[in-house]
Amino acid sequence: MQTSLDKLVRPAFKLVFISDVATPQQIKFCNELQAYCDAKFLFYEAPERTRGSFWRIDLGSHCEVLDNVFFAKPGPLEYRYYAPGLIPRLEQFDPDVVMVGGFSRPSNFLAYRWARQNQKRTIVFTERSRDRAGNLRSNNLVWKLLRWLYRDVDMVVTSAEDIVPQFRDVFGFGDKVVAGRYAADLIAYFEHPLRRAKPAYTFLLANRMTEIYNPLGGLEIFAEIQRRYPASRLLMNSTGELGDTCRTKVRELGVTESVEFLTDIPSWAHLHEVYARSDVLLLPAHFSNGNFTILEAMASGMGIVISNQVLGTGKLIEDGVNGFSCAPNREAFVDRIERYINAPGLFERHASINRALVQPLSVEGTARFFAEIVCDRFGVLFAPAATFEGE
């Protein structure tokens, strides 16, 4: 069915999105948005510090990393970016819509104020708000202040459906809140062959070695599987502050010959090959807002065993339906892994469900989805009757 979005003369409007890190997904998302609007993405930093050098791809003509950004370093002020050159870039581009990633970045607020003063539409894209212990934040003094500072924002887009109540009801943004999502770079993953029964399986701990993802617990889970099925192998993300601790753990568990740390991925274009080599994704996280690794594994057709503490994309996995979601402990994970081993037909059954689920979440699908959100909210402003084809 044709919508008003299909009839818009391109580009319908100019949009700038100010985001933390120049990840490949965001860059490709920006490129896909060109079909619907004149979009420019401005980033506070390149991906090497937090993701690794293989995450860097060509920025193209629509994206740029800002110069002279302060506080973009580990420590108490991590992610509290301040970029003195941001406002001149906004003035030069002169967008109709200014979208910022998160409420707490100083430069995001300055961009928001610039937009308000220049009668531009404003959007904040946000993940759920949790404290360091992983608990949902209440409407505390800080959030009362942020709600007041952003009191005139036009729209708040959350990164997942289940985040909407926190910003709509708890923080009081009301009907300004809309469920959104991150774009996922999935095309190559859909080409992977279906997993079949084999003498031994390869497991993947794809997430960084950081506390919330519980990599030490993941190693204990694998060690138990390897004890029962000695030919099993594990591929493991090689980045994160727990790297040395995890390498020591590998030696202590006696699985050195069975664990491969992924240190030599040559480029982003080769990342999907890691998934093609793997059979089952493991994510025994203590907490996660949701993760691209789940979407990538779903598109690849892998078996999936994740913690029931993974929110957002984690809620796409129903325990026993299209993967397994369980308590992040060794016993529960080993039990779910052995279900795949004992009934390998589950690989094909789960892949059939999961590939259909994630197809719309690709970069292309998300670009159209986002353009529809913006046009639904601001369409009259950017698309008066005179700009429609045939009218």
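Remember, predicted model here, so these are calculated numbers, not experimental data.

Visitor: Run through unusual backbone geometry, naming residues and quoting values.
Guide: In the Ramachandran plot, Gln 119 falls in the positive-phi region, its phi being about 60° despite a non-glycine side chain. You can see Gln 119 is positioned in the loop between α4 (106–117) and β5 (121–126). Of note in the backbone geometry, Asn 214 takes a positive phi value of approximately 55° without being a glycine. With respect to the secondary-structure elements, Asn 214 resides in the loop between β8 (202–205) and α7 (215–228). For Asn 214, a relative accessible area of 10% gives the class buried.

Visitor: Residues and numbers for the packing of α7 against helix α8 (residues 243–253), please.
Guide: At a minimum axis distance of 10 Å, the contact between α7 and α8 shows a crossing angle of 20°. On the basis of the axis angle, α7 is roughly parallel to α8. Both α7 and α8 take part in a crossing whose hand is right-handed. Here Pro 215, Leu 216, Leu 219, Glu 220 and Ala 223 of α7 come into contact with α8, specifically with Thr 245, Cys 246, Lys 249, Val 250 and Leu 253. In terms of residue class, the contact of α7 with α8 is made up of seven nonpolar, one polar and two charged.

Visitor: Before we move on, can you summarise the pairing of strand β2 (residues 38–45) with the specific residues and values?
Guide: With seven of its eight residues buried, β2 lies for the most part within the structure. For the crossover from strand β1 (residues 14–21) across helix α2 (residues 24–33) to β2, the handedness is right-handed. Judged from the three bridges that link them, β2 and strand β3 (residues 63–65) form a sheet pairing that is parallel. The residue of β3 that forms the bridge with Leu 42 is Glu 64.

Visitor: How would you explain the nonpolar core if you had to name every residue and give the values?
Guide: Across soluble globular proteins, nonpolar side chains show a tendency to be buried alongside one another. Membership of the largest hydrophobic core comes to 33 residues, with the highest contact counts inside it found for Ile 18, Tyr 44, Leu 86, Val 98, Phe 103, Phe 167 and Phe 173. Going through the elements one at a time, β1, β2, α3 (86–93), β4 (97–101), α4, α5 (141–149), α6 (164–170) and β7 (177–179) are the ones with two or more residues in this core. A per-element tally of this core places α4 first, with four residues. Residues contacting Phe 173, with those up to four places away along its chain left out, are Phe 103, Trp 143, Arg 147, Tyr 150, Val 153, Val 156, Phe 167 and Arg 168. Counting residues in hydrophobic clusters, the runner-up holds 31 residues, among them Trp 55, Ala 206, Leu 281 and Leu 283.

Visitor: So what about the sheet that holds β7? Which residues, and what values?
Guide: With parallel pairing, seven strands are arranged side by side in an open sheet as β3-β2-β1-β4-β5-β6-β7. Every other strand in the sheet has two partners, leaving β3 and β7 as the edge strands with one partner each. Across the sheet, the mean angle separating the axes of adjacent strands is 20° when strand polarity is ignored. Direction of pairing for β5 relative to strand β6 (residues 155–158): parallel, over a ladder of four bridges. What sits directly across from Ile 123, in β6, is Met 155. Contacts from α2 reach β1, β2 and β3, with the element oriented near 165° to β2. Contacting β1, β2 and β3, α3 runs over the sheet at an angle of about 170° to β2.

What counts, and where the lines are drawn
All chains use their own residue numbering, which begins from 1 and follows the written sequence. The predicted nature of this model means local features are confined to residues of pLDDT at least 70 and side-chain atom pairs, given and counted, to a pLDDT of 80 or more, with totals for whole chains, interfaces and linings taken over all residues. Processing note: side-chain calculations cover all non-hydrogen atoms of the structure and skip hydrogens and water entirely. Helical segments are the DSSP runs of H or I of at least four residues, strand segments are the runs of E of at least two, and each set is numbered from the N terminus. Per-residue accessibility, obtained with a 1.4 Å probe over protein chains only, is compared with the maximum for each type, and a residue is labelled buried under 20%, exposed over 50%, and partly exposed between these values. Here an angle of 0 to 180 degrees is reported between the N-to-C directions of two axes, which are lines fitted to C-alpha atoms, with helices fitted over the stretch in contact. Oblique is the label for every angle not falling under 35 degrees (roughly parallel), over 145 degrees (roughly antiparallel), or within 65 to 115 degrees (roughly perpendicular). Should the near helix be turned anticlockwise from the far one by less than a right angle, the crossing is left-handed, and should it be turned clockwise, the crossing is right-handed. By definition, residues are in contact when any of their heavy atoms lie within 4.5 Å. The residue classification treats Ala, Val, Leu, Ile, Met, Phe, Trp, Tyr, Cys and Pro as nonpolar and Asp, Glu, Lys and Arg as charged. All others, Gly included, are polar. By definition, the crossover connecting two strands over a helix is right-handed if that path, from the first strand to the second, turns clockwise as seen with the strands pointing away from the viewer. The pairing criterion is simple: DSSP has to find at least two bridges between the two strands. We define a nonpolar core as any set of buried Ala, Val, Leu, Ile, Met, Phe, Trp, Tyr and Cys residues linked to one another through side-chain atoms lying within 4.5 Å.

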